[in-house]
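# Examining the three-dimensional arrangement
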Amino acid sequence: MGESVMSIEASPYGIPSKKLGMWLFIIADASTFGAMLFAYGYLRVANPGWSRPFVFWPTIANGIVMTVVLLTSSLTMVGAVLAAQAGRKAASLRWMSVTMLLGVVFAALHLREWLAMIGEGWRLFQNPLGGPVQFGATFFGITGLHLLHVVSGVVAIGVIGLGFRRGRFDAAHVETTALYWHFVDLVWMFVFPLVYLMNVR
Amino acid sequence: MPGMRVYVIVWIGLLVIVAAEVAATYAHFTVGAQLAVLLALAVLEAGIALLYFMHLKYERPSLFWSLIPALVVVLVLMDHFWPDAVRLLHQRLPAP
């Protein structure tokens, strides 16, 4: 009796529960990133003489390339969703592979930038320019959390792609994973201007 | 759901916004004006991504109204405590 009542209950938003679950996660995660960016702004205003170490070459140029790579990966992920919904499994898998590749390129560019900064003496609590040490803590903290999301996204797309190929997952799973990937892109839309462009020398 | 052509146009639009952000960075604004311009462009960019890439434009309005205002309220509440950062400046102890 209970089971039959459950089965006829309509979804309140007309979407699968996994998609609603992903949306709720995204809202919670957006609050986390919002809190980190507000904390960064708070520390920056409270510390006169905040370091603005970035110059166009290589940091901002690298950031622009990373932004273009991530935006392009969102477009390729849309391609994966459209192909999956149209029943073109092979095309969807190809789009997902390109998305993963772009995610790896983004992570590699990010790590290269990190290593260059560490080589200059930047640490979580060390500022080679002699300014507030909180710069390193906020920079590595915010970009590190975002990088963790990118790497997780690449792994998630890989797992869903494999399951989709084997018939274990369907187009709705691909769409739900795409939602997460677009969110990672969306967070970067705030990290790049606030953490990079606002710190141009 | 629109076809790939619409998404390519959206992607180009997002790239144009990124170019505008970089241009605004080197336009010699004051720090406050630079922050305002960059934030406005970032919100515009995120809005376009939400509506098109994340398909919020094609979902029921109830989904939008259940999710987005809640996030905005949370962020505004965080912003409410922002002036504390300025207050902190006046609470510094003089150097010995």
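Higher on the page you've got the structure.
Quantities reported herein were computed from a predicted structural model and do not represent experimental measurements.

## A short note on the overall build of chain B
Each helix and strand in chain B was counted, giving four helices and zero strands. The order of helices and strands in chain B, counted from the N terminus, is α-α-α-α. On C-alpha atoms alone, chain B measures out to a radius of gyration of 19 Å, which is more than a quarter above the 12 Å that the 2.2 N^0.38 rule sets for 96 residues. Across its three principal directions, the C-alpha atoms of chain B cover 65 × 35 × 15 Å. Here chain B holds 96 residues, and the buried ones make up 29% of them. Long-range contacts, defined as pairs at least 24 residues apart, comprise 54% of the intrachain contacts of chain B with a sequence gap of at least 6. Distance from the positive charge centre (5 side chains) to the negative charge centre (5 side chains) of chain B: 5 Å.

## Some details on helix 3 (residues 61-80) of chain B
Residue and element names in this part refer to chain B. Between its first and last C-alpha atoms helix 3 spans 28 Å; for 20 residues at 1.5 Å apiece the expected length is 28 Å, and the two agree. Residues of helix 3 that are buried: L63, L67, I68 and L71. Taken down its axis, helix 3 places every buried residue within 85 degrees of arc, on the same side. Structural note: helix 3 exposes P61, W65, V76 and H80 on the side pointing more than 90 degrees away from its buried face.

## Remarks on the nonpolar core
General note: in soluble globular proteins, nonpolar side chains tend to be found buried as a group. Ranked by internal contacts, the top residues of the largest apolar core, which has 82 residues, are W23, F139, V174 and Y196 of chain A. When contributions to this core are tallied by element, the ones reaching two or more residues are helix 2 (17-46), helix 3 (56-85), helix 4 (89-119), helix 5 (134-166) and helix 6 (171-196) of chain A together with helix 1 (4-25), helix 2 (31-53) and helix 3 of chain B. With 18 residues, the top contributor of residues to this core is helix 6 of chain A.

## Focus: a nonpolar patch on the surface
A cluster of nonpolar side chains, namely F56 and W57 of chain A together with Y26 of chain B, defines an oily patch on the protein surface of about 380 Å² accessible area. Secondary-structure assignment places F56 of chain A in helix 3.

## Quick notes on the packing of aromatic side chains
In the structure shown here, the tally under the stated rule is 20 aromatic pairs over all chains. Where F106 of chain A meets W188 of chain A, the ring centres are 5.0 Å apart and the plane angle is 90 degrees; that geometry is what we call edge-to-face. One end of the pair, F106 of chain A, is in helix 4; the other, W188 of chain A, is in helix 6, and 82 residues separate them in sequence. The pair formed by F106 of chain A and W188 of chain A is uniform in burial state, with each residue classed as buried. Ring geometry for Y52 of chain B versus Y58 of chain B: centroids 6.4 Å apart, planes at 75 degrees, classification edge-to-face. Residue Y58 of chain B is classed as partly exposed on the basis of its relative accessible area, which comes to 34%. One aromatic cluster in this structure is built from Y40, W50, F54, F106, W114, W122, F135, F139, F140, W188, F192 and Y196 of chain A. In this structure, K89 of chain A packs its charged tip against the face of F164 of chain A, placed 5.4 Å from the ring centre.

How each quantity is defined
- Residues numbered from 1 in each chain as written.
- Chains lettered and ligands numbered in written order.
- Predicted model: local features only at pLDDT ≥ 70, side-chain atom pairs only at ≥ 80, totals over all residues.
- Heavy atoms only, no water.
- Helix = DSSP H or I, 4+ residues; strand = E, 2+ residues; numbered from the N terminus.
- Rg over C-alpha atoms; globule rule 2.2 N^0.38 Å.
- Buried < 20%, exposed > 50% of the residue type's maximum accessible area, 1.4 Å probe, protein only.
- Contact = heavy atoms within 4.5 Å.
- Lys, Arg positive; Asp, Glu negative; His and termini not counted.
- Charge placed at Lys NZ, Arg CZ, Asp CG, Glu CD.
- Expected span 1.5 Å × (residues − 1).
- Arc of directions from axis to C-beta.
- Core = buried A, V, L, I, M, F, W, Y, C linked by side-chain atoms within 4.5 Å.
- Patch = residues over 30% accessible without salt bridge, like charges linked within 9 Å, V, L, I, M, F, W, Y side chains within 5 Å.
- Areas by Shrake-Rupley, 256 points an atom, 1.4 Å probe, with all protein chains shown as cover.
- Salt bridge = Lys/Arg side-chain N within 4 Å of Asp/Glu carboxyl O.
- Phe/Tyr/Trp six-rings, centres within 6.5 Å; stacked < 30°, edge-to-face > 60°.
- Lys NZ or Arg CZ within 6 Å of the ring centre and 35° of its normal.

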